[in-house]
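# Analysis of the macromolecular model
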Amino acid sequence: MATFLYKLGRLAFRRRHFVALIWVALLTLAGVGAASAPAAGNTSFSIPGTEAQKAFDLLEQRFPGASADGATARVVFKAPAGEKMTDAGNKATVNKTVKELAGGSEVASVADPYTGHAVSKDGTIAYASVKYKVSGMELEDSSRTALKDAADDARKAGLTVEIGGDALNAAPETGATEIIGIAIAAVVLVITFGSLLAAGLPLLTAIIGVGIGVSTVTALASALDLGTTTSTLASMIGLAVGIDYALFIVSRYRAELAEGRTREDAAGRAVGTAGSAVVFAGLTVVIALVGLSVVNIPMLTKMGIAAAGTVVIAVLIALTMIPALLGYAGRRVKPAGEKSKLLGGGRAAKKPARPNMGTRWASFVVRRPVAVLLLGVVGLGAAAVPAASLELGLPDDGSQPVSTTQRRAYDLLSEGFGPGFNGPLMVVVDAKDSARPKTAFTEVSDEIKGLKDVVTVTPPQPNKAGDTATITVVPNSKPSSTTTEDLVHAIRGAGDGIKAKTDAEILVTGSTAMNIDVSQKLNDALVPYLALVVGLAFLLLIVVFRSILVPLKAALGFLLSVLAALGAVVAVFQWGWLSGLMGVEQTGPVMSMMPIFMVGVVFGLAMDYEVFLVTRMREAYVHGEKPTQAVVTGFRHGARVVTAAAVIMIAVFSGFIGSSESMIKMIGFGLAIAVFFDAFVVRMAIVPAVLALLGRRAWWLPAWLDRALPNVDVEGEGLRAKDADADEDRELVHA
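Residues numbered from 1 in each chain as written. Predicted model: local features only at pLDDT ≥ 70, side-chain atom pairs only at ≥ 80, totals over all residues. Heavy atoms only, no water.

### Comments concerning the overall build of the protein chain
Counting secondary structure elements, the protein chain contains 23 helices and eleven strands. Put simply, the protein chain has 735 residues, and 55% of those count as buried. Taking the contacts inside the protein chain whose residues are at least 6 apart along the sequence as the reference set, 79% of them involve residues at least 24 apart. With an accessible surface of roughly 31,300 Å², the protein chain has 61% of that area assigned to carbon and sulfur atoms. (Helix = DSSP H or I, 4+ residues; strand = E, 2+ residues; numbered from the N terminus. Buried < 20%, exposed > 50% of the residue type's maximum accessible area, 1.4 Å probe, protein only. Contact = heavy atoms within 4.5 Å. Areas by Shrake-Rupley, 256 points an atom, 1.4 Å probe, with all protein chains shown as cover.)

Structural data, given as structure tokens:
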């Protein structure tokens, strides 16, 4: 592979006009496609295989036109001090608001508070329920605007009005944080390379790659039902790996220049060596992202595949466009160790150059491997302890900041009707196979009334055929509590006995039950996902490193860093440690998607750092250095670049911590702390310590497996052999 990529790098360097033209043409084509494609709405949301989804599908069949999974909104009214919602003036304002809400084109129904018994016992709080024909993810912005305008009109009349429900849940925008991330990345790259031009190349190629990827997703969104949220993960991961991959190749190019090679040869060797690592690092990220399909949540699968496509583009751009741009840059990209004149380069050295920080750190680690290893493992183990108390759930309006109207509506409903009112359960009774449907409906209702944590059970509401009914159950506890989850399981458990007696089937659905089912589905998928991703990557790393212990150490180190990061997330967002510093206003269960999301994203980035750092060590070892010296050599060449890449990623992810959306805040913190643990504790401390302790055994591979594995030549041994042949030819000529 190294020889092929070497030729590709030289070809791109020589034919830079042609290569640049191809990528500009692809960017233009993708941009035109995105601009001319029909506007795509938000992707449909479904969770195959869950009881809540099965109930939604049944309701669509038995209650046609009822929009069972349609968006909902609760417009909550509170009377001024000393007044009641039943006063004539307040009642007139509410009736006017209900009439205004009913006029929306996507509105299926609006329940009047006064005819629907939606006024609190003390008469101070009332609410109007709005049901939409489409889900919250498919709702048009005009419908959200109309909802807000109706609330504003009621506020002007003197009422306190807040809006809850999923109708206002628009997709979060992350453009500002991406710009902050790019700005920080630019600063780090300038410090790393000591050159504005060299720092600009990774940024330029990463932006072009993300532009092509996201534009392609936008162009195909309508045809493939990708939706507007699919490009979020693609842009974030594409930007991250795009900068990383270009960073590694530019850094290797400067190192080759420092060894006295011509610029074309240096470009070829940079792509042949660092480019080989880029290919395999990219493969690990693609495996992690495509592996999200095992969860069997269509939206998550599409997001993973779209992000994987952007990673592939980032790899191809790094292998071709970077050497082409290096050809354009010429002598303005300096060899390693030199700075541009603008940043202080060209001055006479006052004293001999001392070993860089990476060399000094690696030398310390190989002298004290046991102490470093114990300190790193114990430290991460301590950070991972809170993960044993991990509670998973999906955020509801109760986890929103108190500044939002959703949170204020949640609090008003809890005040007037109890905490469980914010998460009612919908019980669907399928009595199609029952000889006595009405009796079955009554028995189900009576059975539920006898369960713990039940406040209200509404009378069964049958369909026209009389074979299916819905029953609304209001719990006594808030939606995200474990008590409510226990109630859902209790209702489903009671259904077994009822089915035996009446042949009627009970299904529990609604947003609260759906959240519980999604959390369980994600939890059940975590182990298979880990086995698939880590297993495939383990096999891939065996091919790259031609070793059993090095890939095993890489996988175990990754698991340790993820557990430590999950522990930190639990400590902050579930226990409330440092919650004030992080701006966490409401503690509660950790988002159920967090573990699997962290595994996918962090695994890809962690293997990037592993491949780039350890391939340099493997390269030095293969070329004759002793194992401990190879570790130091790998750090001398790779530590600075890996550190820069990690700092960039931490800065990008940390930008999301400032979001007012609790879910985005949690993702930003979790990914940032995970990259910190993995890059600086696992890859920079534990990895060199383990390699120093193992010595030559680290690179052991059974002879039969060595013969069976393909020789991908990541270390560039073929290029070294080519150098030897060239030297021999020159000696013969001079002789």
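### A closer look at the pattern of salt bridges
Throughout the structure, instances matching the rule amount to 21 salt bridges. As a salt-bridge pair, Lys78 and Glu415 come within 3.4 Å of each other at their nearest N and O atoms. Here Glu415 lies in helix α13 (residues 405-417) and Lys78 lies in strand β1 (residues 72-78), a separation of 337 residues in the sequence. Here Lys78 falls in the partly exposed class, since its relative accessible area comes to 25%. Across the pair Arg683 and Glu610 runs a salt bridge, and its minimum N-O distance is 2.6 Å. Placement of Arg683 in helix α21 (residues 662-694) and of Glu610 in helix α19 (residues 594-622) is noted, with a sequence separation of 73 residues between them. A single burial state applies to Arg683 and to Glu610, both of which are buried. (Salt bridge = Lys/Arg side-chain N within 4 Å of Asp/Glu carboxyl O.)

### A word on a nonpolar patch on the surface
A contiguous nonpolar surface patch, about 400 Å² in accessible area, is contributed by Phe18, Ile22, Leu26 and Leu29. With relative accessibility at 36%, the residue Leu26 sits in the partly exposed group. (Patch = residues over 30% accessible without salt bridge, like charges linked within 9 Å, V, L, I, M, F, W, Y side chains within 5 Å.)

### Details of the side chain of Thr124
Relative to the helices and strands, Thr124 is located in the loop between β2 (107-111) and β3 (125-132). Here Asp122 takes part through its side chain, which lies 2.9 Å from a polar atom of the side chain of Thr124. (Polar contact = N/O pair within 3.5 Å; in protein donor to acceptor, adjacent residues only side chain to side chain.)

### A word on the side chain of Asp517
As for its position among the elements, Asp517 is in helix α16 (residues 511-545). Its relative accessible area of 9% is what places Asp517 among the buried residues. Not counting the four nearest positions on each side in its chain, Asp517 is found in contact with Thr50, Glu51, Ala52 and Arg492.

### Things to note about the pairing of strand β9 (residues 468-475)
Within β9, seven of the eight residues are buried, leaving the element largely enclosed by the surrounding structure. As defined by bridge partners, strand β6 (residues 425-430) adjoins β9 across six bridges and the pair is classed as antiparallel. Each bridged residue has a counterpart across the sheet, and for Met426 the counterpart in β9 is Thr472. Looking at chain direction, strand β7 (residues 454-457) and β9 are connected through three bridges and run antiparallel. Bridging across to β9, Val454 finds its partner in Pro475. (Pairing = 2+ DSSP bridges.)

### Details of helix α1 (residues 2-14)
A rise of 1.5 Å per residue sets the reference length of α1, with its 13 residues, at 18 Å; its end C-alpha atoms lie 18 Å apart and thus fit the reference within 8%. Where α1 is concerned, the buried positions are Ala2, Leu5, Tyr6, Gly9, Ala12 and Phe13. The buried residues of α1 occupy an angular sector of 130 degrees when projected down its axis, which confines them to one face. Away from its buried face, by an angle of more than 90 degrees, α1 presents the exposed residues Phe4 and Lys7. (Expected span 1.5 Å × (residues − 1). Arc of directions from axis to C-beta.)

### Quick notes on the sheet that holds strand β4 (residues 160-165)
Pairing is antiparallel in the open sheet, where four strands are placed in the order β2-β3-β1-β4. Among the strands making up the open sheet, the edge pair consists of β2 and β4. Adjacent strand axes in the sheet meet at a mean angle of 20 degrees, parallel and antiparallel pairs treated alike. Of the strand pairs in this sheet, β1 and β3 are connected by seven bridges, and their pairing is antiparallel. The partner of Phe77 across the bridge, within β3, is Ala126. (Axes fitted to C-alpha atoms, helices over the stretch in contact; angles between N-to-C directions.)

### Overview of the environment of Ser389
Along the chain, the position of Ser389 falls in the loop between α12 (369-384) and β5 (392-393). Distance from Ser389 to Gln574, taken between C-alpha atoms, is 9.0 Å for residues 185 residues apart in sequence. Other than its neighbours up to four places away in sequence, Ser389 contacts Gln574 and Trp575.

### A short note on the nonpolar core
Counting residues in each nonpolar core, the largest one holds 168 residues, and the members touching the most others are Tyr245 and Phe653. With residues near it in sequence (within four places) discarded, Tyr245 still touches Val278, Ala281, Gly282, Val285, Val311, Ala314, Val315, Ala318, Asp608 and Phe612. Counting 26 residues, the second-largest nonpolar core is a separate cluster that includes Ala73, Val98, Leu101 and Ala150. (Core = buried A, V, L, I, M, F, W, Y, C linked by side-chain atoms within 4.5 Å.)

### Re the packing of aromatic side chains
The final tally for this structure, using the stated rule, is nine aromatic pairs. Judged by centre distance (5.3 Å) and plane angle (85 degrees), the rings of Tyr127 and Phe417 are edge-to-face. Of the two residues, Tyr127 sits in strand β3 while Phe417 sits in helix α13, which places them 290 residues apart along the sequence. Exposure remark for Tyr127: the relative accessible area of 11% places this residue in the buried category. (Phe/Tyr/Trp six-rings, centres within 6.5 Å; stacked < 30°, edge-to-face > 60°.)

### A short note on unusual backbone geometry
Phi is positive for Asn296, close to 65 degrees, though the residue is something other than glycine. The topology assignment puts Asn296 in the loop between α9 (263-290) and α10 (298-329). The residue Asp453 is not glycine, and still its phi comes out positive at about 70 degrees. With a relative accessible area of 17%, Asp453 lands in the buried category.

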